[in-house]
Amino acid sequence: MNIRSDIPLAPYTTFMIGGPADFFCVVSSEEELVAMIRRAHDGKLPVFILGKGSNILVADEGFRGIVIKNEIRGMEFGSEDNGVVCVTVGAGETWDDLVAETVRRNLHGIENLAAIPGTVGAAPVQNIGAYGVEIASTLVSVRVLDTTTLAYVEFSNKECQFAYRDSRFKHEKGRYVIVQVTLRLVKGGKTDIGYKDLKDFFTGKNESPGIKEVRDAVIGIRGNKLPDWKRIGTAGSFFKNPIISKNQFEKLSAQYPGLPGYPTKDAQLIKVPLGWILDNICEAKGLRMGPVGTYEKQALVIVAQPGSSAAAVINFQNELIRRVKERTGIQVEREVEWVG
Ligand SMILES: Cc1cc2nc3c(=O)[nH]c(=O)nc-3n(C[C@H](O)[C@H](O)[C@H](O)COP(=O)(O)OP(=O)(O)OC[C@H]3O[C@@H](n4cnc5c(N)ncnc54)[C@H](O)[C@@H]3O)c2cc1C
């Protein structure tokens with residue numbers, strides 16, 4: 001294991017922003033991970049576990065501690081049992097490679113989550129979701145290193161405490177490092193095209209598309225709506241969609257007709273699309289402050305030009321938070337994690 005010092009983090013993030021980590025290393029096995037955490041404990045160094053850096057914003061000052069980049073790989077498909085196939089995947093695998101492989105095998109479950117950047121290990125952290133599906137709906141278990149005991153343990157789906165863009169791994173930040181994820185997929189299973197964009201895409205063309213057709217549609221829709229993160233600095237949706245009371249929703253929709261609202265598991269709570277609020281209420285579509293702005297096709301996405309700083313992103317974030325609060329009373333919450 002090669003521990004390097006003073007390593008700029010910007011190239012390891014999709015925002016392409018951020019100062020240096022004091023120490024940086026890559027781990028590719030469970031043994032290396034334990035050894036590295038032990039060394040960090042011995043040196044009293046804060047640890048940050050890095051995947052592909054697609055959901056973080058690193059401070060301009062960088063990170064005073066050790067960044068451990070997880071590259072533990074492997075993808076093992078179990079045998080089919082009554083149409084069900086389980087796959088166990090190393091945390092360092094690329095999420096979209098996994099989606100592609102499951103689709104190639106005609107396995108249903110995660111095709112709606114195509115083209116989300118990032119690693120398999122980070123996917124349960126914020127319970128990635130898109131087009132009406134979350135990883136929580138297929139996840140069987142995760143294998144994690146408990147950094148307080150240095151023992152490997154397994155958590156069931158329930159023990160992960162999944163919620164909208166949330167899990168126990170966010171609440172017990174830094175305690176667990178995910179090394180493996182097991183998903184349950186269904187051979188040739190029925191696809192889910194209930195989400196509006198997908199429904200619109202298939203209506204009149206194909207009412208029961210196959211798994212590959214859904215993946216291709218998702219890739220196409222995302223390509224039209226989201227910036228190309230390989231070229232433009234971004235971490236996708238910068239904020240979570242707010243979940244507000246039914247009462248507050250009714251008041252806001254009387255004030256702003258057309259405000260969409262989506263039911264949640266709790267009948268008293270409604271999820272509202274923040275992109276719509278930013279576009280239609282906060283005049284934030286295409287808003288710019290210097291090198292940072294909202295993406296012209298989706299105001300929920302913040303984009304930053306090369307050479308911009310974390311400070312400029314935070315400045316812009318604060319302006320959006322202020323506008324939303326002032327005009328709707330909603331306090332928005334960041335989805336992207338601050339590292340510094
Ligand atoms: C253009 C674009 C579109 C996006 N679209 C979506 C979308 O549709 N839906 C969605 O949910 N997200 C989306 N995202 C956000 C992001 O891709 C996901 O959150 C992804 O899962 C992050 O993976 P990562 O490997 O890059 O994690 P990182 O950004 O490296 O890390 C994110 C967090 O996970 C932790 N972490 C990483 N690996 C591990 C591990 N092995 N064990 C424990 N903790 C770990 C990190 O410490 C950090 O707290 C998008 C991002 C971009 C840039």
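Residues numbered from 1 in each chain as written. Predicted model: local features only at pLDDT ≥ 70, side-chain atom pairs only at ≥ 80, totals over all residues. Heavy atoms only, no water.

J.: Is there a simple way to explain the site of the ligand in this structure?
T.: The environment of the ligand is formed by 35 residues, the closest being Ile-49, Ser-54, Pro-117, Thr-119 and Glu-337. Glu-337 has a polar side-chain atom sitting 2.3 Å from an oxygen atom of the ligand. Expressed as a share of its isolated accessible area of 980 Å², the protein-covered part of the ligand is 95%. Of all the elements in the fold, those that place two or more residues in the shell around the ligand are strand E3 (47-50), strand E9 (129-130), strand E13 (176-187) and strand E14 (233-237). Per-class residue counts for the shell around the ligand are 17 nonpolar, 13 polar and five charged. (Near = heavy atom within 4 Å. Polar contact = N/O pair within 3.5 Å; in protein donor to acceptor, adjacent residues only side chain to side chain. Areas by Shrake-Rupley, 256 points an atom, 1.4 Å probe, with all protein chains shown as cover. Helix = DSSP H or I, 4+ residues; strand = E, 2+ residues; numbered from the N terminus. Nonpolar A, V, L, I, M, F, W, Y, C, P; charged D, E, K, R; others polar.)

J.: Would you take a moment to explain the sheet that holds strand E2 (residues 20-27) for this structure?
T.: The pairing of strands in a sheet comes from backbone hydrogen bonds and takes either a parallel or an antiparallel form. The sheet built from four strands is open, its strands ordered E1-E2-E5-E3 with mixed pairing. Every other strand in the sheet has two partners, leaving strand E1 (4-8) and E3 as the edge strands with one partner each. Neighbouring strand axes in the sheet, compared pairwise and without regard to direction, differ in orientation by 40° on average. Of the strand pairs in this sheet, E1 and E2 are connected by four bridges, and their pairing is antiparallel. (Pairing = 2+ DSSP bridges. Axes fitted to C-alpha atoms, helices over the stretch in contact; angles between N-to-C directions.)

J.: How should the domain arrangement of the protein chain be read in this particular structure?
T.: Where interface size is quoted, it is often the accessible area lost as the parts come together. The domain boundaries assigned to the protein chain delineate domain 1 (4-70), domain 2 (75-225) and domain 3 (233-339). Centre-to-centre separation of domain 1 and domain 3, based on C-alpha positions: 29 Å. Of the residues lining the interface, 13 residues belong to domain 1; the matching set on domain 3 comes to 17 residues. Taken together, both faces of the contact between domain 1 and domain 3 bury some 1,300 Å²; the carbon and sulfur share is 64%. It is Phe-15, Asn-55 and Leu-57 that lose the most area in domain 1 upon contact with domain 3, and together they represent 47% of the buried surface on that side. Counting every contact that joins domain 1 to domain 3 gives zero salt bridges. Counting every contact that joins domain 1 to domain 3 gives eight residue pairs in polar contact (both at pLDDT 80 or more). (Domains from an automatic or database assignment. Contact = heavy atoms within 4.5 Å. Buried area = accessible area lost by both parts, 1.4 Å probe. Salt bridge = Lys/Arg side-chain N within 4 Å of Asp/Glu carboxyl O.)

J.: Any chance you could explain the sheet that holds strand E20 (residues 298-304) here in plain terms?
T.: The antiparallel open sheet is built from four strands, whose spatial order is E14-E20-E19-E18. One side of each edge strand has no neighbouring strand; the edge strands of this open sheet are E14 and strand E18 (288-289). Where E14 lies against E20, three bridges are found, and the strand directions are antiparallel. What sits directly across from Gly-233, in E20, is Ala-304. Along the sheet face, helix H8 (residues 310-328) touches E18, strand E19 (292-295) and E20 and points at about 55° away from the line of E19.

J.: Explanation requested: the nonpolar core in the structure shown.
T.: Within soluble globular proteins, side chains that are nonpolar tend to cluster in buried spots. Judged by nonpolar contacts, the single largest core of 41 residues is most densely connected at Trp-95, Leu-113, Val-142, Leu-183 and Leu-198. With residues up to four places along the chain from it excluded, the contact list for Trp-95 reads Ile-110, Leu-113, Ile-116, Gly-118, Thr-119, Val-120, Ala-123, Ile-128, Ile-135 and Leu-183. Of all hydrophobic cores here, the second largest spans 36 residues; its members include Ile-270, Ala-310, Ile-314 and Ile-330. (Core = buried A, V, L, I, M, F, W, Y, C linked by side-chain atoms within 4.5 Å. Buried < 20%, exposed > 50% of the residue type's maximum accessible area, 1.4 Å probe, protein only.)

J.: How do you make sense of the environment of Met-36 when you look at a structure like this?
T.: Looking at where Met-36 falls in the secondary structure, it is placed in helix H1 (residues 30-42). Relative accessible area serves as the criterion here: at 1%, Met-36 is assigned to the buried category. For the pair Met-36 and Lys-173, spaced 137 residues apart in sequence, the C-alpha separation works out to 18 Å. Met-36 has contacts with Met-1, Ile-3, Cys-25, Val-27, Ile-66 and Ile-68, leaving out every residue within four places of it along the chain.

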